[in-house]
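Structure assessment
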Amino acid sequence: MKSELYLLNISVSGIKNIKEEVRLDFYKKTVDRDFDPERYRVKAIYGENGSGKSAIITAVKIFQDLIMRNNYLSESKTQGFLSQIVNKTTQTLCFGCEFRSGLAGGQTSMVYRYSFRIGRNKNGIYELQYEILQSKNGSYANNNYKTVYECKNGELGYINSTDHLKELMEKVTLNLLPIHSFLHLFFANTEKINELADFKADEDRKILRDMLQCAYFLIFLNIYIGEEDQHERYFLQRSLQEKGLGQQAFMEQFLEYASSWNAFSAVNEKYVTKHYFEKYKKSVEQLTQFIKIFKPGLVSIDIDAKEHGEEYVCELNLNYGDYVINREFESTGIKKLIRLFDCFVAASGGGIVFVDEMDSNLNDVYLCRLIEYFMYYGKGQLCFTTHNLDPMAVLKENRNAIDFLSNDNHLIPWTARGNASPENCYKNGMIEDLPFNVDASDFVGIFGE
């Protein structure tokens, strides 16, 4: 099964210092039957400190958490986080994305547009104020979107289904939409929905198809922002695998593809189910070969697995022959490579990956070689923020691969300018709204003469 999931664009507003909408495009404007993403798989976001680069990646993480994490908006930790991260002027966070999916079992490709808005209610609690999913045929450039469902102010306003399924979904989502996304509630209640809905009508089958496409998109989405390990995709994996939704053959085919690149056996997961432990061991063997490129003296990476019910609690120890060291006590650079390994596997195999500050603690030469690999051999997408200028020389060969974000949140895509290089234009203040007007003499009087 060939993966044809591709993120076309994301739009963000109302987060940190980003007030107005910032839209990040990964592909050209036209999406039709000639869709070819091969030269549009890698993107770097450059900008001054505080311009909002990390805010864009954080917004993608909030999108993933909103759908994958149970009770995300109900958690006091989330409310505290949102009170810090949501722009103080707008008081609302908006996110949207468009993605193309060819995972339709041989049917025509589809393009989906999803968006939500989070804002404070009268009690000062952040809640989901608006959510919409739309779809259109991905083979025609001028095809119009059709609404799949729309939720407003805590109610299911519209769903393109039979009355029977609409009534069922209204009951399932009653009083829950302010704190849960409709997508999350759909997957959390798949057993009940599968029991009470037969999905025989065309419109109900289309609803199911669209929901599954969104689930697959989220499973393929990987985000690295230096946080603790992510467990969110397991929620969707279990819902799809265990509860069926009447599409078992199709889902088994998908899950077989996902397992082929170990989507559910990440080496950075501390808790590994017994079902996936053998695949986890293969992932660690692959990690060993990866780290040996940078540390040839590495003999093996050993797994210290302790049984814990239906799971193993796993620790990784790097064996150098003369000594063994737990991964947590490795050098900062090696720890960073281990943490990024799952993202690299995903981007290589067909996943959609966001990495914040990919250049931190990585040697410039290694960084450029890794980027080159994903440009020429990767099957997925890799988007990262960086301050390192060296990758520009590699990225300029690809399309839509370099974006500059100004301090006023104006996004400037790099376009060829004769023989001018992007790194020289950037350093010399020749990128619109990005004047690097700092001189060495500006520090005189601060640190001394």
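Thresholds, definitions, all that
Residues numbered from 1 in each chain as written. Predicted model: local features only at pLDDT ≥ 70, side-chain atom pairs only at ≥ 80, totals over all residues. Heavy atoms only, no water. Pairing = 2+ DSSP bridges. Helix = DSSP H or I, 4+ residues; strand = E, 2+ residues; numbered from the N terminus. Axes fitted to C-alpha atoms, helices over the stretch in contact; angles between N-to-C directions. Contact = heavy atoms within 4.5 Å. Phe/Tyr/Trp six-rings, centres within 6.5 Å; stacked < 30°, edge-to-face > 60°. Buried < 20%, exposed > 50% of the residue type's maximum accessible area, 1.4 Å probe, protein only. Lys NZ or Arg CZ within 6 Å of the ring centre and 35° of its normal. Parallel < 35°, antiparallel > 145°, perpendicular 65-115°, else oblique. Left-handed = near helix turned anticlockwise from the far one by under 90°. Nonpolar A, V, L, I, M, F, W, Y, C, P; charged D, E, K, R; others polar. Patch = residues over 30% accessible without salt bridge, like charges linked within 9 Å, V, L, I, M, F, W, Y side chains within 5 Å. Areas by Shrake-Rupley, 256 points an atom, 1.4 Å probe, with all protein chains shown as cover. Salt bridge = Lys/Arg side-chain N within 4 Å of Asp/Glu carboxyl O. Polar contact = N/O pair within 3.5 Å; in protein donor to acceptor, adjacent residues only side chain to side chain. pLDDT = per-residue confidence, 0-100. Arc of directions from axis to C-beta.

Points about the sheet that holds strand 8 (residues 155-159)
Ordered by their spatial adjacency, seven strands build an open sheet running 2-1-4-5-6-7-8, and the pairing between neighbours is antiparallel. Both outer strands of the open sheet, strand 2 (22-25) and strand 8, are each paired with one neighbouring strand and no more. Shown here is a sheet whose adjacent strand axes are inclined to one another by a mean of 10°, direction ignored. As paired elements, strand 7 (residues 146-152) and strand 8 share four bridges and run antiparallel to each other. Its bridge partner being in strand 8, Cys-151 is matched across the sheet by Leu-156. Its contacts with the sheet put helix 1 (residues 53-68) on strand 1 (6-13), strand 2, strand 4 (92-101), strand 5 (110-120) and strand 6 (126-137), and the angle it makes with strand 5 is roughly 95°.

Brief notes about the packing of aromatic side chains
Applying the stated criterion to the full structure yields 28 aromatic pairs. Between Tyr-6 and Tyr-27, the aromatic rings sit 5.8 Å apart at their centres with planes inclined by 75°, giving edge-to-face as the arrangement. Taken together, the residues Tyr-6 in strand 1 and Tyr-27 in the loop between strand 2 and strand 3 (42-47) connect sequence positions 21 residues apart. A relative accessible area of 3% means that Tyr-27 is categorised as buried. Ring geometry for Phe-290 and Phe-344: centres 6.0 Å apart, planes at 70°, overall edge-to-face. Of this pair, Phe-290 sits in helix 9 (residues 277-294) while Phe-344 sits in helix 10 (residues 332-349), and the two are 54 residues apart along the sequence. Residue Phe-344 is classed as buried on the basis of its relative accessible area of 5%. Ring-pair connections join several aromatic residues into one group, and the members of that group are Phe-290, Phe-294, Phe-341, Phe-344, Tyr-366, Tyr-373, Phe-374 and Tyr-377. When the ring centre of Phe-26 is taken as origin, the NZ or CZ atom of Lys-43, which lies over that ring, is 5.7 Å away. Over the face of the ring belonging to Tyr-312 we find Lys-274, whose NZ or CZ atom lies 5.8 Å from the ring centre.

Quick word on the environment of Asn-143
Within the element layout of this structure, Asn-143 appears in the loop between strand 6 and strand 7. Considering only alpha carbons, one finds Asn-143 and Val-31, 112 residues apart in sequence, at a separation of 9.9 Å. Beyond its immediate stretch of four places on either side in the chain, Asn-143 contacts Lys-136 and Asn-137.

Considerations on the packing of helix 1 against helix 6 (residues 202-219)
Contact geometry of helix 1 with helix 6 gives a least axis separation of 11 Å together with a crossing angle of 125°. The orientation of helix 1 relative to helix 6 falls into the category oblique. In this structure, helix 1 meets helix 6 at a crossing whose hand is left-handed. Residue-level contacts link Phe-63, Gln-64, Ile-67 and Met-68 of helix 1 to Phe-217, Leu-218 and Ile-219 of helix 6. Across the contact of helix 1 with helix 6, the residue classes tally to six nonpolar, one polar and no charged.

Describing the pairing of strand 9 (residues 221-224)
Along any regular strand, the residues point their side chains to alternate faces of the sheet. Burial along strand 9 is two-sided: the residues Leu-221 and Ile-223 and Asn-222 and Tyr-224 are all buried. Both strand 9 and strand 14 (residues 352-355) contribute to a ladder of four bridges, which runs parallel. In the sheet register, Leu-221 faces strand 14, and the bridge partner there is Ile-352.

Observations concerning a nonpolar patch on the surface
A contiguous nonpolar patch, built from Val-438, Phe-443, Ile-446 and Phe-447 and spanning about 480 Å² of accessible area, is present on the exposed surface. With respect to the element layout, Phe-443 can be found in the segment after helix 13 (422-427). In this structure Phe-443 comes out as partly exposed when scored by relative accessible area, which is 41%.

Here's the deal with the side chain of Ser-348
You can see Ser-348 is positioned in helix 10. Of note is the side chain of Ser-348, whose polar atom sits 3.0 Å from the side chain of Tyr-373. Dropping the residues within four chain positions of it, Ser-348 is found in contact with Tyr-373, Phe-374, Gly-378, Lys-379 and Gly-380.

Topic: the sheet that holds strand 16 (residues 402-405)
One open sheet holds the six strands; their spatial order is 9-14-15-3-16-17, and the pairing between them is mixed. Single-partner strands in this sheet number two, and they are strand 9 and strand 17 (411-413). Shown here is a sheet whose adjacent strand axes are inclined to one another by a mean of 15°, direction ignored. Examined bridge by bridge, strand 3 and strand 16 share four bridges and lie parallel to one another. From the neighbouring strand, Gly-47 faces strand 16, where its bridge partner is Leu-405.

Remarks on the confidence of the model for the protein chain
Per-residue pLDDT for the protein chain averages 86, and the proportion of residues at 70 or more is 88%. Per-element confidence in the protein chain is highest for strand 7, whose mean pLDDT is 97, and lowest for helix 7 (residues 233-243), whose mean pLDDT is 52.

As for helix 3 (residues 163-173)
Three or more residues of helix 3 are buried, namely Leu-165, Leu-168, Met-169, Val-172 and Thr-173. Seen along its axis, helix 3 keeps its buried residues to an arc of 120°; they face one direction. In helix 3, those exposed residues whose orientation departs by more than 90 degrees from the buried face are Asp-163 and Lys-171. Buried residues in helix 3 make contact with strand 8, helix 4 (182-188), helix 5 (190-196) and helix 6.

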